[in-house]
Amino acid sequence: MAEANQPNSGGATSGAVRGSGAAEVAGAQADGGIAKRERFGSRLGFILISAGCAIGLGNVWRFPYITGEYGGAAFVLMYLVFLVILGLPVMVMEFAVGRASQKSSAVAFDTLQPSRKWHWFSWWGYIGCMVLMMFYTTVGGWMLSFVVKMGTGAFNGLDSAGVGAVFNDMLANPTELVGWMLVVIVLGFLVCSLGLQKGVERITKVMMICLLGIMAVLVVRAVTLPGGLEGLKFYLIPDFGKLFAGATSAEQWATFGDAVYAAMGQAFFTLSLGISAMEIFGSYIGKERSLTGEALRICGLDTAVALVAGLIIFPACFAFSVQPDSGPGLVFVTLPSVFNQMPLGQLWGALFFVFMSFAALSTIIAVFENLISWSMDKWGWTRKKAVARTAVIVTVLSLPCALGFNVLAGVQIPAIGDIQSIEDFIVSNNLLPLGSLFYVLFCVTKGGWGWDNFLAEADTGKGIRFPRWSKLWLKFGIPALILVIFVMGYVPKITVWLGMA
């Protein structure tokens, strides 16, 4: 379809027939008949599961420590601006591609653009989701491990050094890391094997409701700690001077530039955009509601979890005189030490890591569902076959990360790091930004699906309309910001590599 074409709600069906191959056609048939597209059982299910995919460790792990690093509330405000002007539009685009095509990304682009010029992009989401799971399953295993360690008192009486030693011992033990990784994989695929409504939707809804409930309890505990008020002030009262820290003007502007890049990157990466992780959920919903309104609700829930995570972490850190800018170790080393100093700290710590585990598992289940649906659409597999084969592939590909902290610890790339860091770099610095750029180009250019078709799909149903006046921003502004994120992700690496030459 060209941009000048009139939007046609029937075009998706005809495009699917013209653009799909034998495997895709076979995927539409089951037991001799036409298989109906699976659907969410409720709108709440769609919102919670989509939010669950977005709500991950980036919200409750990365966001708080970056906020601490760049001075608190002033950084939060800047992050919210970028979330609205950058993350939200791309999310609407992924949903629109999914709902219009009624397919996973395996065949969605051929369905909407039958010329097959975008056929190559169908693999982008599969590869991106698979590489993400190659390290996310291991980190999810860390969370489950810490639930047990915290609940059984493994950290009782230990200071930060002692907690750090326990964490490092876990990383050095390949059996423990692989074991917890396998637990995560089995749990995730077991849920997906039950189907969309009976498995993914039902279980994720329960997890998300429990996640929100646990957060509420932890917030009450944190903000009522003696001395926690200073943490709230740091987090909630903007101090824009902290964005310009430095002795000289050059240093101050460099700090501000770093903060802008961090806010832009966090707003972009928190929604898991660019690897079709959201596209699949668009294909599971009807046309009763406009996509902009639904995306706003999901972004709002995702942001609320990130903000509330800060309400847990910062009062607790300030109450016990712990620096809130201690980097990734904030969750695995600093916070267990903080919980050790609280009355009933073992209970609060265990609840915190249950919350973290639910955040990780909600993302893992959502991405597993994406991989399964992709395989069903692409190769005509049944759900049972797709679950079994994808589980084997994910398990094998997850092993290098779990072993990368011990057996394969020597495998590193300068300026990037170990195997987990390499895999994270591939996804975060490459597949996410470039994939989002391609989604934007697909939705706004004549060579792709086209602006008119995208807009018609986004605005179908009751609710907020996508701003028609934003076309120029989507066509030029967002691609420019994405390219800045992409290039800036390479600058420090290239500097190191050139220095080694």
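Below or above, wherever it landed, is the structure these notes cover. Not measured: the values here are computed from a predicted model.

## Topic: the overall build of the protein
A count of helices and strands for the protein gives 20 helices and two strands. Radius of gyration (C-alpha) of the protein: 23 Å, near the 23 Å computed for a compact globule of 501 residues. Per-residue burial over the protein gives 58% buried out of 501 residues. Long-range pairs, those at least 24 residues apart, make up 83% of the contacts in the protein with a sequence separation of at least 6. For the protein, the exposed surface amounts to about 19100 Å²; the carbon and sulfur share of it is 68%. For the protein, the distance from the average position of its 32 positive side-chain charges to the average position of its 28 negative side-chain charges is 11 Å.

## Section: the layout of surface pockets
What the largest pocket holds in volume is close to 1300 Å³. In terms of lining residues, the largest pocket is bounded by 44 residues, among which Arg62, Tyr65, Phe269, Asp424 and Ser428 are the most central. Looking at the lining of the largest pocket, the elements with two or more residues in it are α3 (43-54), α4 (57-69), α7 (122-151), α12 (249-269), α18 (419-444) and α20 (471-500). Looking at side-chain class alone, the lining of the largest pocket contains 25 nonpolar, 13 polar and six charged residues.

## Quick look at the nonpolar core
When a protein is soluble and globular, its nonpolar side chains tend to lie buried together. Ranked by internal contacts, the top residues of the largest apolar core, which has 174 residues, are Trp142, Phe281, Phe352 and Phe454. When residues in this core are grouped by element, the largest group, 19 residues, is from helix α16 (residues 345-379). Residue contacts for Phe352: discarding those within four places in its chain leaves Leu218, Ile312, Val331, Leu335 and Phe339.

## Notes on unusual backbone geometry
Here Arg116, not a glycine, exhibits a phi torsion of approximately 65°, which is positive. Mapped onto the elements, Arg116 comes out in the loop between α6 (108-112) and α7.

The rules behind these values
- Along every chain, residues carry numbers that run from 1 in the direction the sequence is written.
- The predicted origin of the model limits local features to residues at a pLDDT of at least 70 and limits the giving and counting of side-chain atom pairs to 80 or more, whereas totals for whole chains, interfaces and linings rest on all residues.
- Note that the side-chain values use all heavy atoms of the structure and ignore hydrogens as well as water.
- Comment: elements are numbered from the N terminus, with helices defined as DSSP H or I runs of at least four residues and strands as E runs of at least two.
- It is over C-alpha atoms that the radius of gyration is taken, and the globule rule equals 2.2 Å times the number of residues to the power 0.38.
- Buried means the residue's accessible area, taken with a 1.4 Å probe over protein chains only, is under 20% of the maximum for its type, while exposed means over 50%, and partly exposed covers the values in between.
- Two residues form a contact once any of their heavy atoms are found within 4.5 Å.
- Surface accessibility follows the Shrake-Rupley procedure with a 1.4 Å probe radius. Residue values consider only the protein chains on display as shielding.
- Two residue types count as positive, namely Lys and Arg, and two as negative, namely Asp and Glu; His and chain ends fall outside the count.
- Charge positions come from single atoms, namely NZ of Lys, CZ of Arg, CG of Asp or CD of Glu.
- Only protein atoms enter the 1 Å grid used here. Points where a 1.4 Å probe fits but cannot escape make up a cavity, open sets with protein on both sides within 12 Å along at least five of seven lines make up a pocket, and a residue lines them when an atom lies within 4 Å of a point.
- Grid points are joined across faces, edges and corners, and a volume is the space filled by probe spheres set on the points.
- Ten residues, namely Ala, Val, Leu, Ile, Met, Phe, Trp, Tyr, Cys and Pro, are considered nonpolar, four, namely Asp, Glu, Lys and Arg, are considered charged, and the remaining ones, Gly among them, are considered polar.
- Here the nonpolar core consists of buried residues drawn from Ala, Val, Leu, Ile, Met, Phe, Trp, Tyr and Cys, with membership extended through side-chain atoms lying within 4.5 Å.

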